There are 2 protein chains.
Amino acid sequence: MNTPQPDLSAVSAPARLAEAAEGISMEELALAARNHGLPLESLRHDLTPPGLHYLLVHYDIPYLDAEGWRLEISGEVGTPLTLTLDDLRSLPSRTVRVTMECAGNGRAQLTPRPVSQPWLVEAVGTAEWTGVPLRAVLERAGVGPGAVDVVFTGADHGVERGVEQDYQRGLSVTDALGEDVLLAYAMNGAPLPPQHGYPVRLVVPGWYGMAHVKWLREITVSATPFTGFQNTVAYRTRQEPDEPGAPVARIAPRALLVPPGFPDFQSRHRIVRPGPVELTGRAWSGRAPLRGVEVSTDGGATWRPADLEPDHGHRWAWRRWTARWRAEPGSHVLAVRAADAEGTQPETEPWNRGGFANNAVHRVPVTCLSS
Amino acid sequence: MNTPQPDLSAVSAPARLAEAAEGISMEELALAARNHGLPLESLRHDLTPPGLHYLLVHYDIPYLDAEGWRLEISGEVGTPLTLTLDDLRSLPSRTVRVTMECAGNGRAQLTPRPVSQPWLVEAVGTAEWTGVPLRAVLERAGVGPGAVDVVFTGADHGVERGVEQDYQRGLSVTDALGEDVLLAYAMNGAPLPPQHGYPVRLVVPGWYGMAHVKWLREITVSATPFTGFQNTVAYRTRQEPDEPGAPVARIAPRALLVPPGFPDFQSRHRIVRPGPVELTGRAWSGRAPLRGVEVSTDGGATWRPADLEPDHGHRWAWRRWTARWRAEPGSHVLAVRAADAEGTQPETEPWNRGGFANNAVHRVPVTCLSS
């Protein structure tokens, strides 16, 4: 059973695109079985209950206890700090409602398909995160005048494309000092579940999920730009493998629909009966305030405005939208699209090799029975 | 966009097996994105935290409120009952620790592969369920002398192989009167999460998940054997499509391993360094008490006993096992198998058309680096 001298390159392959006729592989299925999306009917909840919020874990969920947990703050600071969970909890807290979306949401619908966690459209969720503003902790440490980036290190350890690493992301000092950026120790009023970063994670409202470092153990203020794997290799939009690409950052606008009627078990195809059907769902953007949501009941040929609820003071959270539809027997394709101040969701997927920041219009085929 | 007079058969296909070279389809992926398994590192927890316990929802998660919820008990009973949640909560309660496993666990590893929810090995979890013994409620209603089966109806509605239905399962009166069968309203001490049956579900310790009807709304005591879809069509082990098959019932023995070391992101392949490695995991059976657990570090060529913890009074819950291994550089296949009084886990998958009750030995390939 032994082969001599293995190294990481033997078990950790480069990024690739699926072949034209290639179905989802067993490796991709293994990722889909661990990580999970939001069942779309659960868009009805303002706050996503535990277990329904999307989850993406790069390596393993660390098995941590709060007693032994410490957060080290070091680098270009006046006073390095070591904080316990009790230290953090004794500081003034803030609660922010945040819609979080995986940067790879929609990846499995791309052609060609980037081989990675195969999301369809459901990698999203909304929670209320409670914690200490990162700014308050950085102010206590005293950020040096030469500081450029802040680097966050998690306790999850693995290998990715041959690079062994603890999960680590950098954020510019400007972004790190945003007033709603949190060192969060509670989700929807309860301690973080293990899979969402227990005991403490970073929350960066408006950004795709990769920025919200879970199982946070170290914060390093850096005088040089961070060049780690997750910022410079992984989360970039590229058309060609060798180009530097653009960093993935804030969440592009998206609207999703609660699939109406009832499903077929195997295909998840939707069935309704003739008559009035209330269409509803959620829309969000991490880039700029939403300007509106439109629905189509003819596959995108014509569009009309949906009713969009105000944000009720939650600028980083999804907003509910509703529209009416009178279903008639036959096959229909429902669609919904959101617009923010920077633009409207595209009809087709904005392709890149990593399958990031895909925000194509959500379409839901529906069959209306005769009666 | 319209086609006239559609019916359910147009959108709800018969069961089928995948072709030899067929990858996982987008329909199967859509199921894998909604339903989720237990990330295997979470086998470390005695009780599975919310969101890590496996989840299989046949149709949509109903959006129910406890205020309006009622449980109707009728049929062959002396006194039909209508219970509110407060009624249930006012009765003496019982808490039972239960390992629950999906009957389709392991399905995606079968050849040919039955096309359905594509589980690998992780469709399992353990929770403490609190509720009222079903027996106590049936005694209040008074089960008639002609009673044969008890039929449980959930609030989830959908279509499956052309049959529109509320999810519904029957259980023999004898099984229904088991002392640990519960009408459960709490999971790990908190109200049921929506996806696990809020406000009330049935719990039938020792049985595969299909028996534990979620979002319970009706209990009907029947003088004739129940012939509904989920008992007579869906959950049967069959070699040929037309045979009646045997009902899927109690959980066959299984052991799973916490994959040691750390993973590659994409392949989930495991990497360890040379030296001592503690192997650990869980084992369970719903049929009969466990007799032992064995591990192999040479792909099943040789086996040795693992240390198996006692059940600590939880006869329906998994038990922790541990074993030592000294990893040497090279490629290895770890394996673990459990035995109960009725037998040992098989080396290869016990194939049937539905992909049910597969309990083949768990194998984990591991690469040990040179240093």
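Keep in mind that this is a model prediction, so the values were computed, not measured.

Participant: Lay out the sheet that holds strand β16 (residues 275–284) of chain A with the relevant residues and their values.
Facilitator: Residues and elements named next belong to chain A. Reading across from one edge, β13-β16-β20-β19 is the order of the 4 strands in this open sheet, with antiparallel pairing throughout. Looking along the sheet, the strands with just one partner apiece sit at the ends: β13 (254–257) and β19 (307–308). Where β16 and strand β20 (residues 319–327) come together, 9 bridges link them in antiparallel fashion. The residue of β20 that forms the bridge with P276 is R326.

Participant: Explain the UniProt feature "domain: Moybdenum cofactor oxidoreductase dimerisation" (unreviewed entry) in chain A to me, and be specific about the residues and the numbers.
Facilitator: UniProt's entry tags residues 275–367 of chain A with the feature "domain: Moybdenum cofactor oxidoreductase dimerisation" (unreviewed entry), counted in the numbering of this structure. Structurally, residues 275–367 of chain A is divided into 0% helix and 53% strand, and its ends, taken at the C-alpha atoms, are 13 Å apart.

Participant: Would you mind going over the UniProt feature "domain: Oxidoreductase molybdopterin-binding" (unreviewed entry) in chain A in detail, with residue names and values included?
Facilitator: Cross-referencing UniProt, the feature "domain: Oxidoreductase molybdopterin-binding" (unreviewed entry) maps to residues 58–229 of chain A in the present numbering. Segment residues 58–229 of chain A splits into 11% helix and 38% strand. End C-alpha atoms: 13 Å apart.

Participant: For the relation of the copies chain A and chain B, give the residues involved together with the corresponding values.
Facilitator: Aligned on chain B, chain A shows an RMSD of 0.0 Å; the corresponding rotation is 180° and the shift along the axis is 0.0 Å. Taken together, the rotation and translation describe the operation of a two-fold axis. When C-alpha positions in chain A are compared against the rotation axis, the closest is assigned to G51(A), at 1.7 Å. When the interface residues of chain A are mapped onto chain B, 100% of them again lie at the interface, so the same face is used by both copies.

Participant: Break down the pairing of strand β17 (residues 290–296) of chain B for me, with residues and values.
Facilitator: Residue and element names in this part refer to chain B. Sheet analysis places β17 next to strand β21 (residues 330–340), joined by 6 bridges and oriented antiparallel. Looking at β21, one finds that V293 is bridged to A338. Bridge count for β17 against strand β18 (residues 304–305) is 2 bridges, and the pairing is antiparallel. By the bridge assignment for β18, E294 is matched with P305.

Participant: With reference to specific residues and values, describe the packing of aromatic side chains.
Facilitator: Applying the stated rule across the entire model yields 6 aromatic pairs over all chains. With a centroid separation of 6.0 Å and 85° between ring planes, the pair formed by Y54(A) and W119(A) is classed as edge-to-face. Placement of Y54(A) in the loop between α1 (26–34) and β1 (71–75) and of W119(A) in the loop between β3 (94–101) and β4 (124–133) is noted, with a sequence separation of 65 residues between them. With a relative accessible area of 6%, Y54(A) lands in the buried category. Ring geometry for W284(B) versus W318(B): centroids 6.1 Å apart, planes at 55°, classification tilted. With a gap of 34 residues between them, W284(B) in strand β16 (residues 275–284) and W318(B) in the loop between β19 (307–308) and β20 (319–327) connect regions that are remote in the sequence. When the ring centre of W303(A) is taken as reference, the NZ or CZ atom of R337(A) above it lies at 4.0 Å.

Rules and cut-offs
- Residues numbered from 1 in each chain as written.
- Chains lettered and ligands numbered in written order.
- Predicted model: local features only at pLDDT ≥ 70, side-chain atom pairs only at ≥ 80, totals over all residues.
- Heavy atoms only, no water.
- Pairing = 2+ DSSP bridges.
- Helix = DSSP H or I, 4+ residues; strand = E, 2+ residues; numbered from the N terminus.
- UniProt positions renumbered as here; feature names shortened; annotations may be inferred.
- Least-squares fit on C-alpha atoms with pLDDT ≥ 70 in both.
- Contact = heavy atoms within 4.5 Å.
- Phe/Tyr/Trp six-rings, centres within 6.5 Å; stacked < 30°, edge-to-face > 60°.
- Buried < 20%, exposed > 50% of the residue type's maximum accessible area, 1.4 Å probe, protein only.
- Lys NZ or Arg CZ within 6 Å of the ring centre and 35° of its normal.

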